[in-house]
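What follows is each chain in one-letter form.
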Amino acid sequence: EAAVTQSPRSKVAVTGGKVTLSCHQTNNHDYMYWYRQDTGHGLRLIHYSYVADSTEKGDIPDGYKASRPSQENFSLILELASLSQTAVYFCASSGYEQYFGPGTRLTVL
Amino acid sequence: GDQVEQSPSALSLHEGTDSALRCNFTTTMRSVQWFRQNSRGSLISLFYLASGTKENGRLKSAFDSKERRYSTLHIRDAQLEDSGTYFCAAEGITGNTRKLIFGLGTTLQVQP
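Caption draft 1: The arrangement of the overall build of chain B in detail. Along the backbone of chain B there are zero helices and 11 strands. Element order for chain B, N to C, with α for helix and β for strand: β-β-β-β-β-β-β-β-β-β-β. Relative to its length of 112 residues, chain B is compact, with a C-alpha radius of gyration of 14 Å against a globular reference of 13 Å. Dimensions of chain B, computed from C-alpha atoms along their principal axes, come out at roughly 45 × 25 × 20 Å. Long-range pairs, those at least 24 residues apart, make up 56% of the contacts in chain B with a sequence separation of at least 6. Total accessible area on chain B is roughly 5,500 Å²; 46% of this is exposed by carbon and sulfur atoms. Averaging the locations of the 13 positively and 11 negatively charged side chains of chain B gives two centres separated by 7 Å.

Right, dumping it as structure tokens:
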């Protein structure tokens, strides 16, 4: 069974603060992804990576950075959190089929 | 840009009935994946198709192999535990990024 874990599972952050969301996979997959889910928007791709030490912009990268220090780990960084970044964030990994982590509920106050 | 359109947006079924969800793509797609999101928010992969059909228990999915512009998910003998939001997501044929484009989902409620 594919395994993708995320931490933290929920977080409350203050506007202007720095937030780091972490993702770890044990699937030996090359590809990893960060999505956000908002009511009425489905899932939208923020950043992705197909190899360690390299990241690519997705469809909505503004306000986010990503880091892929190893094949197993992929982080999403919000340098200056804003109210509009309140959402549920999902990490996924894939060979071909994508497998998702449990999500992180981020609330920015 | 490329889009994925799901229908219906919401569906209510009685236990034991059958139904079908549909995903239309505005352009040719390489593959499609179907997910169910449960009440806790977890996204569970149901099917990944690059062509043809797949079946798993009471669920069956098909991907139009000719024009590759739509996919269906059939639910047979609906049960209460089938309730949730169903998403389809498709990968475009340009490049090899394996990026998925998600539809907005179908919210399914199965009633006794």
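Next comes the rest of the write-up.
Caption draft 2: Just the pairing of strand β2 (residues 10-14) of chain B, in detail. All names here are of chain B. Side chains Leu11 and Leu13 of β2 all project onto a buried face; the interleaved residues Ala10, Ser12 and His14 project onto a face where none is buried. Across five bridges, β2 lies against strand β11 (residues 106-111) in parallel orientation. What sits directly across from Leu13, in β11, is Val110.

Caption draft 3: How the structure looks around the state of the cysteines. This model, assessed by the stated rule, comprises two disulfides over all chains. For A:Cys23, the disulfide goes to A:Cys91, at an S-S distance of 1.9 Å. A torsion of -80° about the S-S bond marks the disulfide between A:Cys23 and A:Cys91 as left-handed. Highlighted residues: A:Cys23 in strand β3 (residues 19-25) and A:Cys91 in strand β9 (residues 87-94), separated in sequence by 68 residues. Pair check on accessibility: A:Cys23 and A:Cys91 agree, each one buried. Covalently, B:Cys23 is tied to B:Cys88 through a disulfide, its sulfur atoms 1.4 Å apart. Here B:Cys23 is found in strand β3 (residues 19-25), whereas its partner B:Cys88 is found in strand β9 (residues 84-92), with 65 residues between them in sequence. When sorted by exposure, B:Cys23 lands in the same class as B:Cys88, which is buried.

Caption draft 4: View of the sheet that holds strand β1 (residues 4-7) of chain B. Residue and element names in this part refer to chain B. Pairing is antiparallel in the open sheet, where five strands are placed in the order β1-β3-β8-β7-β6. Taken across any chain shown, the strands that pair with only one partner, and hence form the sheet edges, are β1 and β6 (52-56). Averaged over all pairs of adjacent strands, the angle between their axes in this sheet comes to 15°, without regard to strand direction. Inspection of the sheet shows strand β7 (residues 59-63) paired to strand β8 (residues 70-75) by five bridges, in the antiparallel sense. The residue of β8 that forms the bridge with Ser61 is Leu73.

Caption draft 5: Spotlight on the interface of chain B and chain A. The interface of chain B with chain A comprises 16 residues on the first partner and 17 residues on the second. Considering only the surface of chain B that becomes buried against chain A, B:Leu43, B:Arg98 and B:Lys99 emerge as the three largest contributors, covering 36% of it. Inspection of the chain B/chain A interface yields one salt bridge. Note that A:Asp59 and B:Lys99 form a salt bridge whose closest N and O atoms lie 3.9 Å from each other. Where chain B meets chain A, there are six residue pairs in polar contact (both at pLDDT 80 or more). When residues of the side of chain B that touches chain A are traced back to their parent elements, those giving at least two are β4 (29-37), β5 (43-49) and β10 (100-102) of chain B.

Caption draft 6: Seen up close, the sheet that holds strand β1 (residues 4-7) of chain A. Residue and element names in this part refer to chain A. As summarised here, the arrangement of the four strands in space is β1-β3-β8-β7, forming an open sheet in which the pairing is antiparallel. Only two strands of the sheet have a single neighbouring strand rather than two, namely β1 and β7 (65-67). Neighbour-to-neighbour, the strand axes of this sheet turn through a mean angle of 20°, independent of strand direction. With six bridges joining them, β3 and strand β8 (residues 73-78) adopt antiparallel strand pairing. The residue bridging Ser22 from the neighbouring strand is Ser75, located in β8.

Caption draft 7: Quick peek at the environment of A:Phe100. Summarising the element assignment, A:Phe100 is placed in strand β10 (residues 98-100). For A:Phe100, a relative accessible area of 11% translates into the label buried. If we ignore the near neighbours within four places in the chain, the residues touching A:Phe100 are A:Val4, A:Tyr35, A:Leu43, A:Phe90, A:Cys91, A:Ala92, B:Phe35, B:Leu43 and B:Phe102.

How each quantity is defined
- Residues numbered from 1 in each chain as written.
- Chains lettered and ligands numbered in written order.
- Predicted model: local features only at pLDDT ≥ 70, side-chain atom pairs only at ≥ 80, totals over all residues.
- Heavy atoms only, no water.
- Helix = DSSP H or I, 4+ residues; strand = E, 2+ residues; numbered from the N terminus.
- Rg over C-alpha atoms; globule rule 2.2 N^0.38 Å.
- Contact = heavy atoms within 4.5 Å.
- Areas by Shrake-Rupley, 256 points an atom, 1.4 Å probe, with all protein chains shown as cover.
- Lys, Arg positive; Asp, Glu negative; His and termini not counted.
- Charge placed at Lys NZ, Arg CZ, Asp CG, Glu CD.
- Buried < 20%, exposed > 50% of the residue type's maximum accessible area, 1.4 Å probe, protein only.
- Pairing = 2+ DSSP bridges.
- Disulfide = S-S within 2.5 Å.
- Axes fitted to C-alpha atoms, helices over the stretch in contact; angles between N-to-C directions.
- Buried area = accessible area lost by both parts, 1.4 Å probe.
- Salt bridge = Lys/Arg side-chain N within 4 Å of Asp/Glu carboxyl O.
- Polar contact = N/O pair within 3.5 Å; in protein donor to acceptor, adjacent residues only side chain to side chain.

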